[in-house]
Amino acid sequence: MNNQYLIPANSKKSQLIFSIFTGFDLAMFAIGIATTIILMLLIRTNNIFVMLFMMMPGVITGILVMPIPNYHNVMGFLKSMFNFLGSRKQYYWKGWCVKDVYGRDYQSRK
């Protein structure tokens, strides 16, 4: 035997809770749900808009930890999107007519 190891494709998922959540995800969701429950216990109302407002912490944290394809969850997607849109990008391209850093073109270096 040649001592080669095969790493399964789902090896990262085994480190997650229920193969979906990290500890931070569950803590954030628990805080959102706890805030919603506390608001509903403290504020008694019959107004539908106030009820929707009180449910917002649980709904928002639920949406943030919801898993989506190609990303861990919505929060990871938003983090990647803001990082991409907010960072400076450098595009490296050299065409046939562009001089390099030292002012020489491609043909003179051959």
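The structure under discussion appears in the preceding block.
Predicted, not measured: the structure shown is a model, and the values here were computed from it. Note on numbering: residues in each chain are counted from 1, in written sequence order. Owing to the predicted nature of the model, reporting of local features is limited to residues with pLDDT of at least 70; listing and counting of side-chain atom pairs is limited to 80 or more, with chain, interface and lining totals taken over all residues. Calculated side-chain values reflect all of the structure's heavy atoms, with hydrogen atoms and water omitted.

Engineer: Give a detailed account of helix α3 (residues 74-86), specifying residues and quantitative values.
Structural biologist: The end-to-end C-alpha separation of α3 is 18 Å, in line with the 18 Å expected for 13 residues at 1.5 Å each. Contacts described as polar in this section are N or O atom pairs within 3.5 Å, which, within protein, must combine one atom able to donate a hydrogen with one able to accept it, while residues neighboring in sequence count only if both atoms come from side chains. The secondary structure listing takes helices from DSSP runs of H or I that are at least 4 residues long and strands from runs of E that are at least 2 residues long, numbered from the N terminus. Its side-chain oxygen placed 3.3 Å from the backbone nitrogen of Met-75, Asn-73 serves as the N-cap of α3. Between the first and last residue of a helix there are one fewer steps than residues, each counted as 1.5 Å, and that sum is the expected span.

Engineer: Let's hear about a nonpolar patch on the surface: which residues, and what values?
Structural biologist: Each patch is built from salt-bridge-free residues with over 30% relative accessible area, joining like charges within 9 Å and nonpolar side chains (Val, Leu, Ile, Met, Phe, Trp, Tyr) within 5 Å. Note on areas: Shrake-Rupley, 1.4 Å probe, and residue coverage restricted to the protein chains presented here. Only one rule defines a salt bridge in this text: a Lys or Arg side-chain nitrogen within 4 Å of an Asp or Glu carboxyl oxygen. There is a patch of nonpolar side chains on the surface, built from Ile-48, Phe-49, Leu-52, Phe-53, Met-55, Met-56, Val-59, Ile-60, Ile-63 and Met-66 and spanning about 980 Å² of accessible area. Along the chain, Leu-52 turns up in helix α2 (residues 48-64).

Engineer: Give a description of the side chain of Asp-25 that names residues and reports values.
Structural biologist: Position of Asp-25 relative to the elements: it lies in helix α1 (residues 23-42). Exposure categories follow from relative accessible area, calculated using a 1.4 Å probe and restricted to protein chains: below 20% of the type maximum is buried, above 50% is exposed, and the middle band is partly exposed. Counted as positive: Lys and Arg. Counted as negative: Asp and Glu. His and the chain ends are not counted at all. Buried and unpaired, Asp-25 has no salt bridge, with Lys-79 as the nearest side chain of opposite charge at 10 Å. Within the local environment of Asp-25, its side chain forms a polar contact with the side chain of Thr-22, the two groups lying 3.1 Å apart. If we skip the residues at most four places from it in the chain, Asp-25 touches Val-65, His-72, Asn-73 and Met-75. Residues count as neighbours in contact if any of their non-hydrogen atoms are within 4.5 Å of one another.

Engineer: Mind laying out the packing of α1 against α2, listing which residues take part and the relevant values?
Structural biologist: Their axes nearest at 8 Å, the elements α1 and α2 cross at an angle of 170°. Between α1 and α2, the interaxial angle falls into the category roughly antiparallel. Mapping the contact onto sequence places Met-28, Phe-29, Gly-32, Ile-33, Thr-35, Thr-36, Leu-39 and Met-40 in α1 and Met-51, Met-54, Met-55, Pro-57, Gly-58, Thr-61, Gly-62 and Leu-64 in α2. Split by residue class, the contact of α1 with α2 holds 10 nonpolar, six polar and no charged. Angular values range over 0 to 180 degrees, each being the angle between N-to-C directions of two axes fitted as lines to C-alpha atoms, with helices fitted over their stretch in contact. Roughly parallel means an angle under 35 degrees; roughly antiparallel means over 145; roughly perpendicular covers 65 to 115; every other angle is labelled oblique. All amino acids are sorted into three groups, where Ala, Val, Leu, Ile, Met, Phe, Trp, Tyr, Cys and Pro are nonpolar, Asp, Glu, Lys and Arg are charged, and the leftover types, Gly among them, are polar.

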